[in-house]
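# Notes for the structure review
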Amino acid sequence: KWVGQQRDTLTTVEQAVERMREQAESLQAASKAATDQVEHIRSTELEARRDSFLRSATEIINQLNAASVDMSRLLQNGIPADAWAKYQAGDRGFFARRLLKIKDEGAIPIVRAKYHQDSDFGAQVDRLVRQFEKLEEKALEIDSDKLLHQALVTGDIGKVYVLLAEALGRRH
């Protein structure tokens, strides 16, 4: 009789162990599914933030390119027809590069003086600097590796920003 009770107890324990194993497997599967779901959500959120940044960056870069046109006009008293033709033909970064050529010709003191003497030019510079800094902040928010920030700063518009910031004593 005692052996029979031991066998029944052993069977009950084995059944309990099997249920616990099944529950542990079920918990592991649920945990993995939850982890996968969290990773998917993070990935989707990051993609959405990057897409939003890229849309915003495109808009701001277009605005900065337009501001470069205005700044070139104000710095050089007009826009030559050949320069305007290049811009209209689709070279939206032409005037940003043109400003960089002016930098190579000693533009920092010229920009600094023009900024303080010409309120229209000063307003354009302030707008460009604010827009670029806003774009920089967004890039740093979504990209912990700072690759987007590096791309911004090393692009033509970033170089124009650095020129202006240097002229105003704000950065770099």
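Structure: see above.
The following refers to the structure shown. The structure displayed is predicted, hence computed values, not measured ones. (Residues numbered from 1 in each chain as written. Predicted model: local features only at pLDDT ≥ 70, side-chain atom pairs only at ≥ 80, totals over all residues. Heavy atoms only, no water.)

### Side note on unusual backbone geometry
For Lys146, which is not glycine, the phi dihedral falls at a positive 65 degrees. By the secondary structure assignment, Lys146 is in the loop between α5 (119–142) and α6 (147–154). (Helix = DSSP H or I, 4+ residues; strand = E, 2+ residues; numbered from the N terminus.)

### Some words on the nonpolar core
By size, the foremost hydrophobic cluster in this structure holds 32 residues, and its most contacted members are Met71, Val111, Val160 and Leu164. Mapped onto this core, the elements with two or more residues apiece are α1 (2–75), α3 (94–104), α4 (107–117), α5, α6 and α7 (156–168). In this structure Val111 touches Leu75, Phe121, Leu163, Leu164 and Ala167, once residues within four positions along its chain are discounted. Residues Val69, Ala83, Phe94 and Phe95 belong to the second largest nonpolar core, which totals 5 residues. (Core = buried A, V, L, I, M, F, W, Y, C linked by side-chain atoms within 4.5 Å. Buried < 20%, exposed > 50% of the residue type's maximum accessible area, 1.4 Å probe, protein only. Contact = heavy atoms within 4.5 Å.)

### Quick look at the pattern of salt bridges
Pairing of side chains with opposite charge becomes possible as their charged atoms draw close. Per the stated rule, a full pass over the model turns up 7 salt bridges. With a closest N to O distance of 2.4 Å, Arg21 and Glu25 form a salt bridge. Of this pair, Arg21 and Glu25 both sit in helix α1, separated by 4 residues, roughly a single helical turn. Taking relative accessible area as the criterion, Glu25 reaches 43% and is therefore assigned partly exposed. Across the pair Asp118 and Lys114 runs a salt bridge whose closest N-O atoms are separated by 3.7 Å. (Salt bridge = Lys/Arg side-chain N within 4 Å of Asp/Glu carboxyl O.)

### So, the side chain of Lys114
Mapped onto the fold, Lys114 is located in helix α4. Not counting chain neighbours up to four residues away, the residues in contact with Lys114 comprise Leu74, Leu75, Asn77 and Phe121.

### A short note on the packing of aromatic side chains
In the structure shown here, the tally under the stated rule is 5 aromatic pairs. For the ring pair Trp84 and Tyr87, a centre distance of 5.5 Å and an interplane angle of 25 degrees mean the geometry is stacked. Separated by 3 residues within a single helix, Trp84 and Tyr87 lie in helix α2 (residues 81–88), roughly one turn from each other. Relative accessible area serves as the criterion here: at 33%, Trp84 is assigned to the partly exposed category. Residue Tyr87 is classed as buried on the basis of its relative accessible area, which comes to 12%. Each ring, one from Trp84 and one from Phe95, has its centre 6.3 Å from the other, and the planes form 50 degrees; the classification is tilted. Of the two residues, Trp84 sits in helix α2 while Phe95 sits in helix α3, which places them 11 residues apart along the sequence. Looking at Phe95, the relative accessible area reads 0%, which means it is buried. Members of the aromatic cluster, each reached through a chain of ring pairs, are Trp84, Tyr87, Phe94 and Phe95. (Phe/Tyr/Trp six-rings, centres within 6.5 Å; stacked < 30°, edge-to-face > 60°.)

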